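So the chains spell out like this:
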Amino acid sequence: MIDPNLYITLAAAALGAIGMVTFAGLTGWRGWLALKHQELQAGHDIASDRGPIQALPNASARIEIADLKERIRKLEAIAAGVDL
């Protein structure tokens, strides 16, 4: 028969391995959260340094604004009777 101490040893080794992996994952998660916190803080500092001028809009907002401006130009052209 297989010695019962083998099962105890394997269980203890597996529990230790799970503990090490969990500890490494938790440390990485905390580091990632700290990094994101620093990025947000740096972005906030940049925006507050500009004073009343707000931070630049992101790319999707700029694309949407450009699309709206193009629609306005087309509507003005239609209102003026210009054929596009």
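Look up: the structure comes first, before these words.
Residues numbered from 1 in each chain as written. Predicted model: local features only at pLDDT ≥ 70, side-chain atom pairs only at ≥ 80, totals over all residues. Heavy atoms only, no water.

A.B. asks: Just checking my understanding: could you explain the overall build of the chain for this structure?
C.D. replies: Counting its secondary structure elements, the chain contains 2 helices and 0 strands. In the chain, which comprises 84 residues, the proportion classed as buried is 1%. In the form shown here, the chain has an accessible surface area of approximately 7700 Å², with 68% of it arising from carbon and sulfur atoms. (Helix = DSSP H or I, 4+ residues; strand = E, 2+ residues; numbered from the N terminus. Buried < 20%, exposed > 50% of the residue type's maximum accessible area, 1.4 Å probe, protein only. Areas by Shrake-Rupley, 256 points an atom, 1.4 Å probe, with all protein chains shown as cover.)

A.B. asks: What should I look at first to understand helix 2 (residues 59-80) in this one?
C.D. replies: The periodicity of an α-helix, 3.6 residues per turn, causes residues three or four places apart in sequence to face the same way. With 22 residues, helix 2 extends 32 Å between its outermost C-alpha atoms, agreeing within 8% with the 32 Å of an ideal straight helix rising 1.5 Å per residue. One or two residues past the end of helix 2 sits G81, with phi positive at roughly 85°. (Expected span 1.5 Å × (residues − 1).)

A.B. asks: Would you mind showing me how to read the pattern of salt bridges here?
C.D. replies: Pairing is possible between side chains that carry opposite charge, provided their charged atoms lie close to one another. Under the definition given, this model contains 3 salt bridges. Of the charged contacts in the structure, one is a salt bridge between K36 and E39, with a shortest N-O distance of 3.3 Å. With K36 and E39 both in helix 1 (residues 4-49), this residue pair falls 3 residues apart, about one helical turn. Judged by relative accessible area, K36 falls into the partly exposed class, the value being 32%. (Salt bridge = Lys/Arg side-chain N within 4 Å of Asp/Glu carboxyl O.)

A.B. asks: Got a minute to help me understand the packing of aromatic side chains in this structure?
C.D. replies: Any pair of aromatic rings gets described here by the distance separating the centres and the angle formed by the planes. Following the criterion strictly, the structure yields 1 aromatic pair and no others. For the pair W29 and W32, a centre-to-centre distance of 5.4 Å together with 25° between the ring planes defines the contact as stacked. Note that W29 and W32 are positioned in helix 1 at a spacing of 3 residues, about one turn of the helix. W29 sits in the partly exposed class, given a relative accessible area of 48%. (Phe/Tyr/Trp six-rings, centres within 6.5 Å; stacked < 30°, edge-to-face > 60°.)

A.B. asks: Sorry, what's going on with a nonpolar patch on the surface here?
C.D. replies: Where nonpolar side chains cluster on the molecular surface, the patch consists of L26, W29, W32, L33 and L35 and spans about 500 Å² of accessible area. Structurally, L35 can be placed in helix 1. (Patch = residues over 30% accessible without salt bridge, like charges linked within 9 Å, V, L, I, M, F, W, Y side chains within 5 Å.)

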